[in-house]
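Now for the letters of each chain:
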Amino acid sequence: KEVFVLFAFFFCSTSATYCSSYTDCGFGETCCWDSVCREKCSGCTFNYECGTDECCDSSDGYCYDCSVLKTPAIVGIVFGCLVVTAIVIS
C-alpha cells in the first residue's frame, strides 16, 4: 500500500529540473538559457527533447510549460492523481 502511495506522489509531483550549469542536468541534457535542463535548448520537434513538464511547440521550435499549452490535460492529470491516491489510501 505504501509503495503505491509513494509512486502516485512521485508521478503526480514531477516538475522541471532547474540548473545553473550543465553538471546539474541528467545524461544527454544541457542547461539552457532559462536555467532548465533540456535535451535541446531550441529547435525542438518532439516533447521528449524538452524539460520535465514541458511540451514542444513545433511551429516555433521552442519548449513551453505544458500547462500553458494544455491546461485541460493538466487538470485531468491532477484530478486522476487525486482519485488514484484516494483509492489507494482507503
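Remember, it's a predicted structure, so these values are computed and weren't measured experimentally. (Residues numbered from 1 in each chain as written. Predicted model: local features only at pLDDT ≥ 70, side-chain atom pairs only at ≥ 80, totals over all residues. Heavy atoms only, no water.)

Asker: Please clarify how the environment of Cys25 should be interpreted in this entry.
Answerer: Here Cys25 lies in the loop between α1 (2–12) and β1 (30–31). For Cys25, the residues in contact, after removing those within four places along its chain, are Cys19, Thr30, Cys31 and Cys37. (Helix = DSSP H or I, 4+ residues; strand = E, 2+ residues; numbered from the N terminus. Contact = heavy atoms within 4.5 Å.)

Asker: I'm lost on the packing of aromatic side chains in this one. Help?
Answerer: The description of two aromatic rings rests on the distance between their centres and on the angle between their planes. The full count for this structure, using the stated rule, is one aromatic pair. An angle of 5° between the planes, with centres 5.6 Å apart, marks the rings of Phe46 and Tyr48 as stacked. What makes Phe46 partly exposed here is its relative accessible area of 45%. (Phe/Tyr/Trp six-rings, centres within 6.5 Å; stacked < 30°, edge-to-face > 60°. Buried < 20%, exposed > 50% of the residue type's maximum accessible area, 1.4 Å probe, protein only.)

Asker: Hey, could you run me through the side chain of Glu49 in this one?
Answerer: Along the chain, Glu49 falls in the loop between β2 (37–38) and β3 (54–57). Among the polar contacts made by the side chain of Glu49, one reaches the main-chain amide nitrogen of Phe46 at a distance of 3.0 Å. Setting aside residues no more than four positions away along its own chain, Glu49 makes contact with Arg38, Glu39, Lys40, Cys44 and Cys63. (Polar contact = N/O pair within 3.5 Å; in protein donor to acceptor, adjacent residues only side chain to side chain.)

Asker: So what exactly am I meant to see when it comes to the state of the cysteines here?
Answerer: By definition, a disulfide is the covalent link that joins the sulfur atoms of two cysteine residues. Taken as a whole and assessed by the stated rule, the structure comprises six disulfides. Across the disulfide, Cys50 is cross-linked to Cys63 (sulfur-sulfur distance 2.1 Å). Given an S-S torsion of about -80°, the disulfide between Cys50 and Cys63 has left-handed geometry. Of the two residues, Cys50 is situated in the loop between β2 and β3 and Cys63 in strand β4 (residues 62–65); the sequence distance between them amounts to 13 residues. In this pair, the class of Cys50 matches that of Cys63, namely buried. With a sulfur-sulfur separation of 1.9 Å, Cys55 is cross-linked through a disulfide to Cys66. The sign of the S-S torsion, about 105°, decides the handedness of the disulfide formed by Cys55 and Cys66: right-handed. Here Cys66 lies in helix α2 (residues 66–69) and Cys55 lies in strand β3, a separation of 11 residues in the sequence. (Disulfide = S-S within 2.5 Å.)

Asker: How do you make sense of unusual backbone geometry when you look at a structure like this?
Answerer: Leaving glycine out, the prevailing phi sign among residues is negative, and the prevailing peptide bond configuration is trans. Unlike most non-glycine residues, Ser35 shows phi in positive territory, near 65°. Counting through the fold element by element, Ser35 comes out in the loop between β1 and β2. In this structure, Asp53 takes a positive phi of about 65° despite not being glycine. Among the structural elements, Asp53 can be located in the loop between β2 and β3. For Asp53, a relative accessible area of 37% puts it in the partly exposed group.

Asker: Can you help me understand the confidence of the model for the protein chain in this one?
Answerer: Keep in mind that low pLDDT regions are not for reading the predicted coordinates in detail. Looking at the protein chain, pLDDT values average 74 and 66% of them are 70 or higher. Model confidence for the protein chain, summarised as mean pLDDT per element, is weakest for α1 at 41 and strongest for β1 at 90. The low-confidence segment residues 1–14, where pLDDT is below 50, has 11 contacts with residues more than four positions distant or belonging to other chains. (pLDDT = per-residue confidence, 0-100.)

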